[in-house]
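Overview (structure and organization)
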Amino acid sequence: SANAPTTELGIETRFPVRMGQVLGQLRIAATDLEKARGLMGTTKLSEEEGMAFMYDTESQMRFWMKDTPLDLDIAFIARDGTVLEIRTMTAGDTETTASTTDQVRFAIEMRSGWFRDFGVKPGEKINVDDMRAALKARGFDSKRFIP
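Cut-offs applied
- Residues numbered from 1 in each chain as written.
- Predicted model: local features only at pLDDT ≥ 70, side-chain atom pairs only at ≥ 80, totals over all residues.
- Heavy atoms only, no water.
- Helix = DSSP H or I, 4+ residues; strand = E, 2+ residues; numbered from the N terminus.
- Salt bridge = Lys/Arg side-chain N within 4 Å of Asp/Glu carboxyl O.
- Phe/Tyr/Trp six-rings, centres within 6.5 Å; stacked < 30°, edge-to-face > 60°.
- Buried < 20%, exposed > 50% of the residue type's maximum accessible area, 1.4 Å probe, protein only.

1. Considerations on unusual backbone geometry
Among all residues except glycine, the phi angle is most often negative; among peptide bonds, the trans geometry is most common. A positive phi angle is found at Asp-67, which is not glycine, with a value near 60°. Within the fold, Asp-67 resides in the loop between β4 (62-63) and β5 (72-77).

Have a look at this one:
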């Protein structure tokens with residue numbers, strides 16, 4: 001019925017997001033708790049699976065790998081979807097990995113080597129329309145994260 005409540009999709013839902021020429025499947029972390037947990041405790045990622053961390057302002061971002069048992073690559077991304085830099089993070093490392101710029105709007109973590117293996121490098125684009133659709137499906141106002 002028209003009055004039936006809509007079900008918002010949760011953090012475990014994977015969304016198709018084009019990164020360069022490759023289609024990944026990303027979980028979307030948009031709340032503070034989701035971002036704090038990230039991929040902690042994740043012991044396996046499929047070939048195309050990762051997580052996007054969404055923020056509502058540009059900043060220098062810092063991530064760490066506490067309680068994360070997989071080596072990961074992180075791409076720091078500008079508000080227009082341009083990959084600014086890619087760094088590798090080691091499983092369990094409690095030292096922070098920081099972006100070199102304060103122009104980062106969101107970040108994407110994939111298995112270590114993923115960006116290299118699929119030719120996604122700085123200057124490539126992440127499809128922001130895909131990201132907006134994923135945010136909307138999760139029940140978030142996409143304009144808050146991607147103006």
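Let us keep going from here.
2. Section: the pattern of salt bridges
Within this structure, the stated rule accounts for 17 salt bridges. The salt bridge partner of Glu-12 is Arg-27, with a shortest N-O separation of 3.6 Å. Here Arg-27 lies in strand β2 (residues 22-29) and Glu-12 lies in the segment before β1 (15-19), a separation of 15 residues in the sequence. For Glu-58, the salt bridge goes to Arg-105, with nearest N and O atoms at 2.9 Å. Within this pair, whereas Glu-58 is found in strand β3 (residues 49-59), its partner Arg-105 is found in strand β8 (residues 104-111), the two being separated by 47 residues in sequence. Because the salt bridges share partners, they merge into one network encompassing Glu-12, Arg-14, Arg-27 and Glu-49.

3. Some points on the packing of aromatic side chains
Where two aromatic rings form a pair, the distance of their centres and the angle of their planes describe that pair. The full count for this structure, using the stated rule, is five aromatic pairs. With centroids separated by 5.0 Å and ring planes inclined at 80°, the aromatic side chains of Phe-53 and Phe-63 adopt a geometry described as edge-to-face. Pair noted here: Phe-53 is in strand β3 and Phe-63 is in strand β4, with a separation of ten residues, a long-range link. Each member of the pair Phe-53 and Phe-63 is classed as buried. Each ring, one from Phe-140 and one from Phe-145, has its centre 6.1 Å from the other, and the planes form 90°; the classification is edge-to-face.

Nothing here speaks to function; it is geometry throughout.
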